[in-house]
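# Coordinate analysis (summary)
Okay, here's what each chain looks like letter by letter:
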Amino acid sequence: MKCKPCGAEAVIELRRHRAAFCRECFLHHCREQVRRAISSHRMMGHSERVLVAISGGKDSLAVWDVLRDLGYQADGVYLGLGIADYSDASRDYAEKYAAGKGATLHVVDIPTEHGFAIPDAARATKRVPCSACGLSKRHLLNKAALDGGYKVLATGHNLDDEAAVLFGNVMQWQVGYLARQRPVLEETAGFARRVKPLIRLSERETAAYCLLTGIDYIVDECPMAAGNRHLRYKETLNELEIKSPGIKSAFYFQFLERMLPVLDDVADAERDLVGECARCGAPSSAEICAFCKLVEKTAAAS
Ligand code: Q46
Ligand code: ZN
């Protein structure tokens, strides 16, 4: 198998692009996909400080690495979720990367700073763990960006993640969620701009990127993920992708192109509803924000 751009021996084949790549051309391809995602969705400029949410997994470390390579002023933030050994191990990978590159990594540990671990919060609120986790991440990562004076918060959501979320939202016709499922959520009062620079790369590409650049990452899935819907949707889309290479990216990118503009009014209407949490001042459509309620219920149950 030969590299399509240069003819050297290839190390990876990407059926979606009908191409194979050697190491150098593949790394160039990854940077190019990120560069294109940033420029076509006007995610950020080089003068803006960016905070990257780092989980210790392949996607977050890959996006941090590529952004630094492309010359962005990108620091990392690691959020400790208190999920036993998994959190300890993932923090080690995040810290090892930062130390090796001389990059700045902020650490926010939920158990130390907020007095609970995600599994406790899930039990106390009778939510599934990923729901308690997701709302804590949204709140605390945004807070970390604002407190640190970062304009932009970048996450490692890749094409597979976005297509699976889209699939889930369509299956249940979650119109409000669909309207907000954007590669860029502009900054508004109380929110840093949120961007997803990896939307043009699949999970397999980010894993290959880490392997070929020698980035060590946590391979184990979070133990709380087992059996969640998101993983089932990913498997379903992967089966479709095997039979029809490119179908996943067509599903997602045609949504961005054809459907999102139709949903602009829905997104605007939702934004207008947002006020401030009476307790912490974060944006919230209720008097007390979801994170403050989570903290309160978890404290009451312990
Ligand atoms: S960390 Fe949190 Fe994920 Fe674990 S509890 Fe679920 S959402 S699976 S990306
Ligand atoms: Zn609050």
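Keep in mind it's a predicted model, so treat the numbers as computed, not measured.

This next bit is on the packing of aromatic side chains. Applying the stated rule across the entire model yields 6 aromatic pairs. When the ring of Trp64 is compared with that of Tyr97, the centres are 5.1 Å apart and the planes differ by 45°; the resulting orientation is tilted. One end of the pair, Trp64, is in helix H2 (residues 58-69); the other, Tyr97, is in helix H3 (residues 84-101), with 33 residues separating them in the sequence. Look at Tyr97 and you get buried, because its relative accessible area is 7%.

The computed volume of the second largest pocket comes to approximately 410 Å³. What lines the second largest pocket is a set of 17 residues, and nearest its centre among them are Ser202, Arg204, Asn238, Glu241 and Lys248. Contributing elements (two or more residues each) for the lining of the second largest pocket: strand S1 (12-14), helix H7 (159-171), helix H9 (203-213) and helix H10 (229-243). Of the residues contributing to the lining of the second largest pocket, the split by class is 4 nonpolar, 2 polar and 11 charged.

Pairing within the open sheet is mixed, and its 6 strands lie in the order S5-S4-S3-S6-S8-S7. Two strands close off the open sheet at either side, each with one partner strand: strand S5 (105-109) and strand S7 (184-185). For strand S6 (residues 152-154) and strand S8 (residues 193-195), the ladder comprises 3 bridges, and the chain directions are parallel. By the bridge assignment for S8, Ala154 is matched with Val195. The strands touched by H3 are strand S3 (49-54), strand S4 (73-80) and S5; relative to S5, the strand with the most contacts, the crossing angle is about 165°. Contacting S3, S4, S6 and S8, helix H6 (residues 129-147) crosses the sheet at an angle of about 140° to S4.

Once that is clear, we can look at the coordination of the zinc ion (ligand 2). Summarising the metal site, the zinc ion (ligand 2) is bound by the protein donors Cys277 (SG), Cys280 (SG), Cys289 (SG) and Cys292 (SG), whose distances to it range over 2.2 to 2.4 Å. The site at the zinc ion (ligand 2) holds 4 donor atoms, and with the angles between them running 107 to 112°, its shape is tetrahedral. Counting along the primary sequence, the residues that act as donors to the zinc ion (ligand 2) give the motif C-x2-C-x8-C-x2-C. Residue Cys280 is classed as partly exposed on the basis of its relative accessible area, which comes to 38%.

With 54 residues, the main nonpolar core has Phe26, Met44, Val52, Trp64 and Leu67 as its most contacted residues. No other element matches helix H1 (residues 23-40), which puts 7 residues into this core. With residues near it in sequence (within four places) discarded, Val52 still touches Ser60, Val63, Trp64, Leu67, Ala74, Asp75, Gly76, Val77 and Ala154. Among the nonpolar cores identified, the runner-up in size contains 31 residues, and Ala53, Leu135, Ala192 and Cys222 belong to it.

Another aspect to go through is unusual backbone geometry. A positive phi angle is found at Arg42, which is not glycine, with a value near 45°. As for its placement among the helices and strands, Arg42 is situated in the loop between H1 and S3. The backbone phi angle of Lys126 is positive, close to 55°, even though this residue is not glycine. You can see Lys126 is positioned in the loop between helix H5 (118-125) and H6. Overall, Lys126 belongs to the exposed group, its relative accessible area being 77%.

We now examine the packing of H2 against H9. Each pair of packed helices can be summarised by the angle the axes make with each other and by the distance between the axes. Here H2 crosses H9 at 65°, and the two axes come no closer than 9 Å. Regarding the angle of H2 to H9, the classification is roughly perpendicular. Regarding H2 and H9, the two cross each other, and that crossing is left-handed. From H2, Lys58, Asp59, Ala62, Asp65 and Val66 reach across to H9, where they touch Glu203, Thr206, Ala207, Tyr209 and Cys210. The residue inventory of the contact of H2 with H9, partitioned by class, reads 5 nonpolar, 1 polar and 4 charged.

Thresholds applied
Residues numbered from 1 in each chain as written. Chains lettered and ligands numbered in written order. Predicted model: local features only at pLDDT ≥ 70, side-chain atom pairs only at ≥ 80, totals over all residues. Heavy atoms only, no water. Phe/Tyr/Trp six-rings, centres within 6.5 Å; stacked < 30°, edge-to-face > 60°. Helix = DSSP H or I, 4+ residues; strand = E, 2+ residues; numbered from the N terminus. Buried < 20%, exposed > 50% of the residue type's maximum accessible area, 1.4 Å probe, protein only. 1 Å grid on protein atoms, 1.4 Å probe; cavity = no way out; pocket = protein on both sides within 12 Å on 5 of 7 lines; lining within 4 Å. Points joined across faces, edges and corners; volume = space filled by probe spheres on them. Nonpolar A, V, L, I, M, F, W, Y, C, P; charged D, E, K, R; others polar. Pairing = 2+ DSSP bridges. Contact = heavy atoms within 4.5 Å. Axes fitted to C-alpha atoms, helices over the stretch in contact; angles between N-to-C directions. Donors = N, O, S within 2.8 Å, 3.2 Å for Na, K, Ca; no water. Tetrahedral: all angles 85-135°; square planar, octahedral: opposite > 155°, others 65-115°. Core = buried A, V, L, I, M, F, W, Y, C linked by side-chain atoms within 4.5 Å. Parallel < 35°, antiparallel > 145°, perpendicular 65-115°, else oblique. Left-handed = near helix turned anticlockwise from the far one by under 90°.

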